[in-house]
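Each chain is listed here by its residues.
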Amino acid sequence: MTSMSRERLEELLAGLVRSGGTSLHLSAGNQPWVRVAGRAVPTGDEPTAPTALATLAGELLFADHLARIERGEEIDVVWASNAGVRFRVGALNHADGLGLVFRRLPEKAPELRDSELPEL
């Protein structure tokens, strides 16, 4: 198993953006993977050590978020990479341990007129 440093996270997220992918999935004891064109694609990295993922979560999240995860709650927060790309980060404990999912957010919020809602 390998560690998951903040630097490696930034590299994985940059690769996700370059590939047009939509999400990066990190799970304790498992290999990271990305979702590209609706398909799950492994990154080729070694499985992430549970302690390394917990350390990374401690660098990215506030203490109250970490406490909620420990109590079995799921959290969703918005986080920006060093490149300024925004992600919705979901974090939870599951059967294998901690899991983090980074879902890329659009650069621009959608316009209400593009939502296909009926007019009032």
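Residues numbered from 1 in each chain as written. Predicted model: local features only at pLDDT ≥ 70, side-chain atom pairs only at ≥ 80, totals over all residues. Heavy atoms only, no water.

A. Structural detail: the overall build of the protein chain. Across its full length, the protein chain holds 3 helices and 6 strands. For the protein chain, the spread of C-alpha atoms along the three principal axes comes to 55 × 30 × 25 Å. Burial analysis of the protein chain (120 residues in total) assigns 34% to the buried set. In the protein chain, the share of contacts with a sequence separation of at least 24, taken over all contacts with a separation of at least 6, comes to 42%. Carbon together with sulfur atoms contributes 52% to the accessible area of the protein chain, which is approximately 7500 Å² in total. Taking the average location of the 13 positive side-chain charges in the protein chain and that of its 17 negative ones, the two points are 4 Å from each other. (Helix = DSSP H or I, 4+ residues; strand = E, 2+ residues; numbered from the N terminus. Buried < 20%, exposed > 50% of the residue type's maximum accessible area, 1.4 Å probe, protein only. Contact = heavy atoms within 4.5 Å. Areas by Shrake-Rupley, 256 points an atom, 1.4 Å probe, with all protein chains shown as cover. Lys, Arg positive; Asp, Glu negative; His and termini not counted. Charge placed at Lys NZ, Arg CZ, Asp CG, Glu CD.)

B. Highlighting the environment of A37. Inspection of the secondary structure assignment puts A37 in the loop between β2 (33-36) and β3 (39-42). The class of A37 is exposed, set by a relative accessible area of 77%. For A37 and G20, which are 17 residues apart along the polypeptide, the C-alpha to C-alpha distance reads 7.8 Å.

C. Fine view of the nonpolar core. Core analysis: the largest hydrophobic core is formed by 25 residues, its most contacted members being L9, L24, L26 and F102. Those elements that place two or more of their residues in this core are α1 (6-19), β1 (23-27), α2 (50-60), β4 (75-80), β5 (86-94) and β6 (97-104). (Core = buried A, V, L, I, M, F, W, Y, C linked by side-chain atoms within 4.5 Å.)

D. Spatial organisation of the pairing of β5. Here β4 pairs with β5 via 6 bridges, running antiparallel. In the strand pairing of β5, D76 is matched with G90. Once β4 ends, the chain turns through 5 residues before running back antiparallel as β5, passing G84 with a positive phi of about 85 degrees. Two elements, β5 and β6, share 8 bridges in a ladder whose sense is antiparallel. Its bridge partner being in β6, H94 is matched across the sheet by G97. In sequence, β5 turns back onto β6 through a hairpin of 2 residues. (Pairing = 2+ DSSP bridges.)

E. Here's a closer look at the packing of aromatic side chains. One pass over the structure, following the stated rule, counts 3 aromatic pairs. The interplanar angle of 70 degrees and the centroid separation of 5.7 Å between the aromatic rings of W79 and F102 together place this pair among those described as edge-to-face. Taken as a pair, W79 in strand β4 and F102 in strand β6 lie far apart in primary sequence, 23 residues in all. In this structure an aromatic cluster arises from ring pairing among W79, F87 and F102. (Phe/Tyr/Trp six-rings, centres within 6.5 Å; stacked < 30°, edge-to-face > 60°.)

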